[in-house]
Amino acid sequence: MIPYPFRYRRPNSLAEAEAALNASNDAKLLAGGQTLLAAMKQRLAKPAILIDIARLSELRFIRREGQHLLVGAGSRHADVANSTEVAAAVPALAELAETIGDPAVRHMGTLGGALANNDPAADYPAAVLAMAATISTTRRTIAADDFFQGMFATALEEGEIIKHVAFPIPEKAAYAKFKNPASRYAIAGVFVAQTKTGVRVAVTGAGPGVFRVPEMEAALAKSFSPDAIAGISVARDDLNSDIHASAEYRAHLVSVMAKRAVKAALAR
């Protein structure tokens, strides 16, 4: 394979990274590289400049502030999975991170990269949406309901960089995933979170993007138990259908995973 030329930059600060990104029309941020490098190898992406933000300490932190858990965009999946802060505040988030890929992926992939890429089968979007988290960037703060805009699409603008995610600490939460045995991506994954303001249910992997299930949320708000959602199913019309699972099977899995998530949340 014939290589193609590109420039590599490693900024010393987030401000420097943002300036470099906005100075070019053909630059890409490099953090964990789990998606970008693979796309470059296949010539699906050919950026002229790679801006490496993997070592920026400004983006790699985990801390609790009041009733929120703040996770820096540069935090690796393994950081989240092994964090005592996460385990104490939102154990479901630590458990979710532990299910991502394999050890190599978890020690390289980052929260910010996963959210910016917004793969329809990624795990983090379900947690962010279910917990009504907010995504802080170099320009603004974006609510989870506004951030995800379809397959590989987000509210991020050109030159905008995710700084951290603020997760409201739920009263109860859990994630259940039926994973692809090869990639470990979600064929259907459901994150359920109960807070003082209500219950949110977010689904990943089943459709072209992460989505909520209002019928389940309403039922769980009245009675937070697996039985409360036993008769609720999602429409299969807009769900994915491929060699791994049909739309009908994915619809079934959403119901099963939702009940498992509620059961797990109650068991904490």
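Coordinates for the structure precede this section.
Residues numbered from 1 in each chain as written. Predicted model: local features only at pLDDT ≥ 70, side-chain atom pairs only at ≥ 80, totals over all residues. Heavy atoms only, no water.

Description of the sheet that holds strand β7 (residues 141-143)
Applied cut-off: At least two DSSP bridges between two strands are needed for those strands to be called paired. Here a helix means four or more residues in a row that DSSP labels H or I, a strand means two or more in a row labelled E, and each is numbered from the N terminus. Structural elements are reduced to axes, namely lines fitted to C-alpha atoms, with helices fitted over the stretch in contact, and the angle between N-to-C directions of any two is expressed from 0 to 180 degrees.
Spatially, five strands are ordered β4-β5-β8-β6-β7 in an open sheet, and the strand pairing comes out antiparallel. What marks the edges here is a single partner per strand, and that holds for β4 (62-65) and β7. The sheet shows a mean angle of 25° between the axes of neighbouring strands, direction not considered. The pairing of strand β6 (residues 134-137) with strand β8 (residues 162-168) spans four bridges and is antiparallel. Note that in β8 the partner of Ile 135 across the bridge is Val 165.

Regarding the environment of Ile 51
How we decide: The cut-offs for exposure are 20% and 50% of the maximum accessible area for each residue type, with area from a 1.4 Å probe on protein chains only; residues under the lower value are buried, those over the upper are exposed, and the others partly exposed. Here a residue-residue contact requires only that any non-hydrogen atoms of the pair lie within 4.5 Å.
With respect to the element layout, Ile 51 can be found in strand β3 (residues 49-52). Relative accessible area serves as the criterion here: at 0%, Ile 51 is assigned to the buried category. Once residues within four sequence positions are removed from consideration, Ile 51 is found in contact with Arg 9, Pro 11, Ala 17, Ala 20, Leu 21, Ala 27, Lys 28, Leu 29 and Leu 30.

Points about the pattern of salt bridges
Oppositely charged side chains may form a pair once their charged atoms are brought near each other. Applicable threshold: What counts as a salt bridge is simple: a side-chain nitrogen of Lys or Arg found within 4 Å of a carboxyl oxygen of Asp or Glu.
Within this structure, the stated rule accounts for 13 salt bridges. Arg 212 is the salt-bridge partner of Asp 145, the closest N and O atoms lying 3.3 Å from each other. Linking Asp 145 in helix α9 (residues 144-147) with Arg 212 in strand β12 (residues 211-212), this pair joins segments that are 67 residues apart in sequence. Glu 248 is paired through a salt bridge with Arg 236; the nearest N and O atoms lie 3.4 Å apart. Linking Glu 248 in helix α11 (residues 247-266) with Arg 236 in the loop between α10 (214-222) and α11, this pair joins segments that are 12 residues apart in sequence. For Glu 248, a relative accessible area of 52% puts it in the exposed group. Residue Arg 236 is classed as partly exposed on the basis of its relative accessible area, which comes to 44%. Connected through shared salt-bridge partners, Arg 139, Arg 140, Glu 157 and Glu 160 make up one network.

Comments concerning the pairing of β3
Note the threshold: The crossover handedness rule: strands pointing away from the viewer, path from first strand over the helix to second strand clockwise, crossover right-handed.
Judged by which residues are buried, β3 turns out to be covered on both faces: Ile 49 and Ile 51 on one side and Leu 50 and Asp 52 on the other are all buried. Relative to β3, strand β1 (residues 7-9) runs parallel, the two sharing three bridges. Counted as the bridge partner of Tyr 8 is Leu 50 from β3. Once you follow strand β2 (residues 27-30) into helix α2 (residues 36-41) and on to β3, the crossover reads as right-handed.

With respect to the side chain of Glu 160
Rules: Whenever a nitrogen or oxygen atom comes within 3.5 Å of another N or O atom, the pair is scored as a polar contact, on the condition that within protein one atom can donate a hydrogen and the other can accept it, and that pairs from neighbouring residues in sequence are kept only if both atoms are in side chains.
With respect to the helices and strands, the residue Glu 160 is situated in the loop between α9 and β8. Among the residues examined, Glu 160 registers a relative accessible area of 6% and is labelled buried. Within the structure, the side chain of Glu 160 is placed 2.7 Å from the side chain of Thr 137, a separation counted as a polar contact. In this structure the side chain of Glu 160 is engaged in a polar contact, spanning 2.8 Å, whose partner is the side chain of Arg 140. Once residues within four sequence positions are removed from consideration, Glu 160 is found in contact with Thr 137, Thr 138, Arg 139, Arg 140, Ile 142 and Ala 155.

Examining the nonpolar core
Rule in force here: As used here, the term nonpolar core means buried Ala, Val, Leu, Ile, Met, Phe, Trp, Tyr and Cys residues forming a set that is joined through side-chain atoms within 4.5 Å.
One finds Leu 93, Leu 115, Tyr 124, Val 128, Phe 167 and Phe 191 to be the most contacted residues of the largest nonpolar core, which totals 42 residues. Formed by 29 residues, the second largest nonpolar core is a distinct cluster that contains Val 192, Val 201, Leu 239 and Leu 253.

Side note on the sheet that holds strand β11 (residues 198-204)
Taken in spatial order, the four strands of this open sheet run β9-β10-β11-β12, and their pairing is antiparallel. Edge positions in the sheet fall to β9 (172-179) and β12, since each of these pairs with one other strand and no more. As defined by bridge partners, strand β10 (residues 186-195) adjoins β11 across seven bridges and the pair is classed as antiparallel. In the sheet register, Val 192 faces β11, and the bridge partner there is Val 201. Sheet strands touched by helix α5 (residues 91-98): β9 and β10. Its angle to β9, the strand with the most contacts, is close to 15°.

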